[in-house]
Amino acid sequence: RIPGMRVVVVVVVVVAVVAAVLACLGSVRAFEDHASVVDRRLNAVHLGVAMAFREEAAFQWLDQKLDHFDEQSHSTFKQRYWVDKSNWEPSKGPVFLYICGEGECGGLPGGYLQETAQKLGGLILVLEHRYFGMSSPFTDLSTPNLRFLTVSNALADLAYFSRVMKGALNITSASKWISVGGSYPGALSAWFRVKYPHIVSASWASSGVVNAILDFTAFDEQITRSACPECAAVLRNVTQLAEQRISSP
């Protein structure tokens, strides 16, 4: 009965989402009316949302190590990265290492990071996270093939990438490295500074999820406060119904 149950849950969720959208339409229209005086970036949850990506940017390929902690393994995979040298002043400009997370990387970010790079003469480097977007080592994502998808390997990817870029772009010690990320990449940014302090001088971690909490109800509480009352009510009903369907034999 599981397939049928899943269909029911999906249908319920779709209907509920439509209802929530209709319920909040008035709030959305009110926001649009004030769009001219509202900086949309201030409403972003984290850097991944706040920064629009420059779609025209071309990517390059890095031969990345599959397992950084097995000295006997020499396997590699293709990992995408982007370089923006348009504002870089090599004699003094910092290197902003933008970390992409659990999804396809959009390329070179704009917004705050682009503005900061312009002000400081910074270089922007972007690395797509292993196993996501076009940077997956395997086409078959079975459980055995997922064993290399770890935070430790993701951080080691950043370390190896920085070492390769230093040589390829002739980055000297005059350019200090700053890791940048939001949400999960925000946590990676903070952990990268802790794990590899000899590489990165500072971490820009926005909404970094560095503290794992089981049954994290505070997130749902914030959603309830942020949503309009009608949306919050619909979300409660959907959650309750989905839990009932899933728990039913």
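Just so you know, these numbers come straight off a predicted model, no measurement behind them.

Here is what the cut-offs are and how they apply
- Residues numbered from 1 in each chain as written.
- Predicted model: local features only at pLDDT ≥ 70, side-chain atom pairs only at ≥ 80, totals over all residues.
- Heavy atoms only, no water.
- Helix = DSSP H or I, 4+ residues; strand = E, 2+ residues; numbered from the N terminus.
- Contact = heavy atoms within 4.5 Å.
- Areas by Shrake-Rupley, 256 points an atom, 1.4 Å probe, with all protein chains shown as cover.
- Core = buried A, V, L, I, M, F, W, Y, C linked by side-chain atoms within 4.5 Å.
- Buried < 20%, exposed > 50% of the residue type's maximum accessible area, 1.4 Å probe, protein only.
- Pairing = 2+ DSSP bridges.
- Axes fitted to C-alpha atoms, helices over the stretch in contact; angles between N-to-C directions.
- Disulfide = S-S within 2.5 Å.
- Expected span 1.5 Å × (residues − 1).
- Polar contact = N/O pair within 3.5 Å; in protein donor to acceptor, adjacent residues only side chain to side chain.
- Patch = residues over 30% accessible without salt bridge, like charges linked within 9 Å, V, L, I, M, F, W, Y side chains within 5 Å.
- Salt bridge = Lys/Arg side-chain N within 4 Å of Asp/Glu carboxyl O.
- Phe/Tyr/Trp six-rings, centres within 6.5 Å; stacked < 30°, edge-to-face > 60°.

This brings us to the overall build of the protein chain. Counting its secondary structure elements, the protein chain contains eight helices and eight strands. Contacts in the protein chain between residues far apart in sequence, at least 24 positions, make up 70% of those at least 6 positions apart. Of the accessible surface of the protein chain, which amounts to about 14,700 Å², a share of 58% is contributed by carbon and sulfur atoms.

The next subject is the nonpolar core. One finds Leu123, Leu125, Phe161, Met165, Ile171, Trp177 and Phe192 to be the most contacted residues of the largest nonpolar core, which totals 27 residues. Put simply, the parts of the chain that give this core at least two residues each are strand E3 (76–84), strand E4 (95–99), strand E6 (123–127), helix H5 (151–169) and helix H6 (184–195). Among the elements that make up this core, the one with the highest residue count is H5 (nine residues). Excluding anything up to four places from it in sequence, Leu123 contacts Val83, Asp84, Lys85, Trp88, Pro94, Val95, Phe96, Leu169 and Ile171.

Strand order in the open sheet formed by six strands is E2-E3-E6-E4-E7-E8, with mixed pairing between adjacent strands. Taken across any chain shown, the strands that pair with only one partner, and hence form the sheet edges, are strand E2 (60–65) and strand E8 (202–206). Along the sheet, successive strands turn relative to each other by an average axial angle of 25 degrees, direction set aside. Two strands pair when backbone bridges link them, and strand E7 (residues 177–182) and E8 are joined in this way by five bridges, in the parallel orientation.

Considering all chains together, one arrives at one disulfide under this definition. In this model, Cys100 is linked to Cys105 through a disulfide, with the two sulfur atoms separated by 2.1 Å.

Before going further, it helps to examine H6. Between the first and last C-alpha of H6 there are 16 Å, a value that for twelve residues agrees with the 16 Å anticipated at 1.5 Å per step. Those residues of H6 lying buried are Tyr184, Pro185, Gly186, Ala187, Leu188, Ser189 and Phe192. For H6, the elements touching its buried residues are E4, H5, E7 and E8.

Turning our attention to the side chain of Arg80. Mapped onto the elements, Arg80 comes out in strand E3. Within polar-contact distance, the side chain of Arg80 engages the side chain of Glu128 at 2.7 Å. With residues up to four places along the chain from it excluded, the contact list for Arg80 reads Phe59, Gln60, Trp61, Glu104, Cys105, Val126, Leu127, Glu128, Met134 and Ser135.

Side chains of Ile213, Phe216, Phe219, Ile223 and Leu235 sit close together on the surface and give an oily, nonpolar patch of about 470 Å² of accessible area. With respect to the secondary-structure elements, Ile223 resides in helix H7 (residues 217–226).

In this description, a pair of aromatic rings is defined by centroid distance and the angle of the planes. Following the criterion strictly, the structure yields six aromatic pairs and no others. When the ring of Phe138 is compared with that of Phe148, the centres are 6.3 Å apart and the planes differ by 20 degrees; the resulting orientation is stacked. Taken together, the residues Phe138 in the loop between E6 and H5 and Phe148 in the loop between E6 and H5 connect sequence positions ten residues apart. A relative accessible area of 10% places Phe148 in the buried class. Clustering of aromatic rings is evident, with ring pairs tying together Phe59, Trp61 and Trp82.

What follows covers the pairing of E6. Residues in a regular strand point their side chains to alternate faces of the sheet. Most of E6 is tucked away: five of the five residues are buried. Both faces of E6 are covered, namely the face carrying Leu123, Leu125 and Leu127 and the face carrying Ile124 and Val126. Here E3 runs beside E6; their pairing, made up of four bridges, is antiparallel. Looking across to E6, one finds that Trp82 is bridged to Val126. Summarising the sheet, E4 and E6 pair through five bridges and their orientation is parallel. Opposite Ile99, over in E6, you have Leu127 as the bridge partner.

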